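Structural overview for review
Spelled out from the first residue to the last, the chains are:
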Amino acid sequence: QVQLVESGGGLVQAGGSLRLSCAASGTIFSFNAMGWYRQAPGKERELVADITRGGNANYADSVKGRFTISGDFARNTVYLQMNSLKPEDTAVYYCNAHQSDINYWGTGTLVTVSS
């Protein structure tokens, strides 16, 4: 079993910053990639950013230039630095890790950005 635990969510004013962290534990062989998704009320879950073991990062257009993903695959952790937050960034943020053909998910951390 693999568990992903997110932390760092909270309430912030527009223009502020938050840093999300995700730590994996359990039977881990080698994650191919780790990332962050988010789901706003009434909307589908969407990719925010992901990063491969080789260090290639991919971002949603809506967060490019504002969010930065980083990963420590030796420690099975991934981070998301979120700057210049907007009210439309309000969502539950989920950590994701990909190993072989399996996707693992955290339970989510709520980010609320007030205007």
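Notes on the structure in this doc start here. It should be emphasised that the depicted structure is a prediction, and the values quoted were computed from it without experimental measurement.

With that out of the way, let us pick up the overall build of the protein. Secondary structure summary: the protein contains zero helices and eleven strands in total. Starting at the N terminus, the α and β elements of the protein follow one another as β-β-β-β-β-β-β-β-β-β-β. Taking 13 Å as the expected radius of gyration for a compact globule of 115 residues, we find that the protein reaches 13 Å, a close match to that expectation. Counting only C-alpha atoms, the protein reaches 45 × 25 × 20 Å along its principal axes. The long-range fraction of contacts in the protein, counting pairs at least 24 apart against all pairs at least 6 apart in sequence, stands at 54%. Counting only carbon and sulfur atoms, one obtains 47% of the accessible surface of the protein, whose full area is about 6,100 Å². Here the protein holds 9 positive side-chain charges and 9 negative ones, and the gap between their average locations is 5 Å.

A separate point is the state of the cysteines. Scanning all chains against the criterion turns up one disulfide. Paired through a disulfide, Cys-22 and Cys-95 show a sulfur-sulfur distance of 2.0 Å. Here the S-S torsion is close to -85°, and the disulfide linking Cys-22 with Cys-95 is therefore left-handed. Separated by 73 residues along the polypeptide, Cys-22 in strand E3 (residues 18-26) and Cys-95 in strand E9 (residues 91-99) bring together distant segments of the chain. The exposure classification of Cys-22 matches that of Cys-95, with both residues buried.

Here Ser-21 shows up in strand E3. For Ser-21, a relative accessible area of 18% gives the class buried.

What follows covers the sheet that holds strand E1 (residues 2-7). With antiparallel pairing, four strands are arranged side by side in an open sheet as E1-E3-E8-E7. Whereas interior strands pair on both sides, the edge strands pair on one side only; in this sheet they are E1 and strand E7 (67-72). Along the sheet, successive strands turn relative to each other by an average axial angle of 15°, direction set aside. The sheet contact formed by E3 and strand E8 (residues 77-82) spans six bridges and is antiparallel. Pairing of Arg-19 across the sheet is with Gln-81, part of E8.

Here is what the cut-offs are and how they apply
- Residues numbered from 1 in each chain as written.
- Predicted model: local features only at pLDDT ≥ 70, side-chain atom pairs only at ≥ 80, totals over all residues.
- Heavy atoms only, no water.
- Helix = DSSP H or I, 4+ residues; strand = E, 2+ residues; numbered from the N terminus.
- Rg over C-alpha atoms; globule rule 2.2 N^0.38 Å.
- Contact = heavy atoms within 4.5 Å.
- Areas by Shrake-Rupley, 256 points an atom, 1.4 Å probe, with all protein chains shown as cover.
- Lys, Arg positive; Asp, Glu negative; His and termini not counted.
- Charge placed at Lys NZ, Arg CZ, Asp CG, Glu CD.
- Disulfide = S-S within 2.5 Å.
- Buried < 20%, exposed > 50% of the residue type's maximum accessible area, 1.4 Å probe, protein only.
- Pairing = 2+ DSSP bridges.
- Axes fitted to C-alpha atoms, helices over the stretch in contact; angles between N-to-C directions.

Read these as layout, nothing more, since geometry by itself doesn't imply function.
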